[in-house]
Amino acid sequence: GAVVSQHPSWVICKSGTSVKIECRSLDFQATTMFWYRQFPKQSLMLMATSNEGSKATYEQGVEKDKFLINHASLTLSTLTVTSAHPEDSSFYICSARGGGSGYTFGSGTRLTVV
Amino acid sequence: DAKTTQPTSMDCAEGRAANLPCNHSTISGNEYVYWYRQIHSQGPQYIIHGLKNNETNEMASLIITEDRKSSTLILPHATLRDTAVYYCIVRVSNFGNEKLTFGTGTRLTIIP
């Protein structure tokens, strides 16, 4: 079946630094990928839609200059959290459109900013 | 966007069928109903999806009412590993930007 690999699975960084999260579709091409954020005991919140070769579309209230998205190939999208602060600590999840079900999710990245 | 309403939580005895309801009364004619589940600290897992007809796969069955305003996910023989948060999602289709928007979901607990 379709597999989406997300890396790293967890990361701890210092406040003010930047962190990059990778999302790869392993056995299919994904022209569209999605990035979500999930706080404890809450649902997934869509942050942005990433389209290969073009600019990402951000949801209302999501700062595009803080959450940089790059989708340079059909199998890779990256999310960079710039100048991270403790309030950015969250569970970040990517999803790729493609594969059998239409939408395949990665296993998530737990970001802790200290 | 079509919104969904689900019970906050449900319990089900192990080995019994788990029936999870979802209301989506504002669904449009070309919008699909998707079901995903999320086990703690993992990414969501696809279960099933449908448009009008009932669907069945190796994991579950999806029953959609004739007016499409509600649906029920059925796990025929629940096991402890089915304990998770279950999300009913109506797929938004807007100028080709077909994103999945998650609601609050139902926390299903399978009781031994």
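Analysis parameters
Per-chain numbering applies: the sequence of each chain, read as written, is numbered from 1 onward. Each chain is given a letter, starting from A, and each ligand a number, starting from 1, according to the order in which they appear as written. Residue-level local features of this predicted model are given only where pLDDT is at least 70; pairs of side-chain atoms are given and counted only at 80 or more, and the full residue set underlies all totals for whole chains, interfaces and linings. In computing side-chain values, all of the structure's heavy atoms are included and hydrogens and water are not. For helices the rule is a DSSP run of H or I covering at least 4 residues; for strands it is a run of E covering at least 2, with both sets numbered from the N terminus onward. Radius of gyration means the value over C-alpha atoms here, while the globule rule gives 2.2 Å times the residue count to the 0.38 power. Residue burial is assigned from relative accessible area. The probe radius is 1.4 Å, only protein chains are included, and a residue is buried under 20% of its type maximum, exposed over 50%, and partly exposed in between. Shrake-Rupley sampling with a 1.4 Å probe provides the accessible areas, and residues are treated as covered by the protein chains on show and by no other component. Aromatic contacts are taken between Phe, Tyr and Trp rings whose centres are within 6.5 Å, Trp giving its six-membered ring; a plane angle under 30 degrees counts as stacked, one over 60 as edge-to-face, and the others as tilted. Candidates for patches are residues over 30% relative accessible area with no salt bridge; among them, like charges are joined within 9 Å and nonpolar side chains (Val, Leu, Ile, Met, Phe, Trp, Tyr) within 5 Å. Take a side-chain nitrogen of Lys or Arg and a carboxyl oxygen of Asp or Glu: if they are within 4 Å of each other, that pair is a salt bridge. Paired strands, in this sense, are two strands between which DSSP finds at least two bridges. Fitted lines through C-alpha atoms give the axes, limited to the stretch in contact for helices. The angle between two N-to-C directions lies from 0 to 180 degrees. For this text, the term disulfide refers to a pair of cysteine sulfurs within 2.5 Å.

A count of helical and extended segments in chain B gives zero helices and nine strands. Listing each helix as α and each strand as β along chain B from the N terminus yields β-β-β-β-β-β-β-β-β. At 14 Å, chain B has a C-alpha radius of gyration in line with the 13 Å of a compact globule built from 112 residues. For chain B, with 112 residues in total, the buried portion stands at 44%. When the accessible surface of chain B is summed, it comes to about 5,900 Å², and 48% of that surface belongs to carbon and sulfur atoms.

The next subject is the packing of aromatic side chains. Inspection of every chain in the model, using the stated rule, returns twelve aromatic pairs over all chains. Aromatic pair B:Tyr87 and B:Phe102: ring centres 5.1 Å apart, planes at 85 degrees, arrangement edge-to-face. Of this pair, B:Tyr87 sits in strand S8 (residues 84-90) while B:Phe102 sits in the loop between S8 and strand S9 (106-111); the two residues are 15 residues apart in sequence, bridging distant segments of the chain. Of the two residues, B:Tyr87 and B:Phe102, neither departs from the other in class, the shared state being buried. Here the aromatic residues A:Phe34, A:Tyr36, A:Tyr103, A:Phe105, B:Tyr32, B:Tyr34, B:Tyr36, B:Tyr46, B:Tyr87 and B:Phe102 are joined through ring pairs into a cluster of three or more.

Judged by side-chain polarity, A:Trp10, A:Ile12 and A:Val114 come together as a nonpolar surface patch covering roughly 370 Å² of accessible area. Along the polypeptide, A:Val114 turns up in the segment after strand S11 (109-113).

Turning our eyes to something else, we now look at the sheet that holds strand S7 (residues 67-73) of chain A. In sheet architecture, strand pairing relies on hydrogen bonds along the backbone and comes in two forms, parallel and antiparallel. All names here are of chain A. Spatially, S1-S3-S8-S7 is the arrangement adopted by the four strands of the open sheet, whose pairing is antiparallel. Single-partner strands in this sheet number two, and they are strand S1 (4-7) and S7. Adjacent strand axes in the sheet meet at a mean angle of 15 degrees when their direction is disregarded. Of the pairings in the sheet, the one linking S1 to strand S3 (residues 19-25) comprises four bridges and is antiparallel in character. From the neighbouring strand, His7 faces S3, where its bridge partner is Glu22.

A word on the state of the cysteines. What is meant by a disulfide is a covalent connection between two cysteines, made through their sulfur atoms. Residue and element names in this part refer to chain A. Inspection of every chain in the model, using the stated rule, returns two disulfides over all chains. The residue that forms a disulfide with Cys23 is Cys94, at a sulfur-sulfur distance of 2.0 Å. With the S-S dihedral at roughly 80 degrees, the linkage between Cys23 and Cys94 falls on the right-handed side. Placement of the pair is Cys23 in strand S3 and Cys94 in strand S9 (residues 90-97), with a sequence separation of 71 residues. Accessibility classification places Cys23 together with Cys94 in one group, the buried group.

On their own, these measurements won't tell you what the molecule is for.
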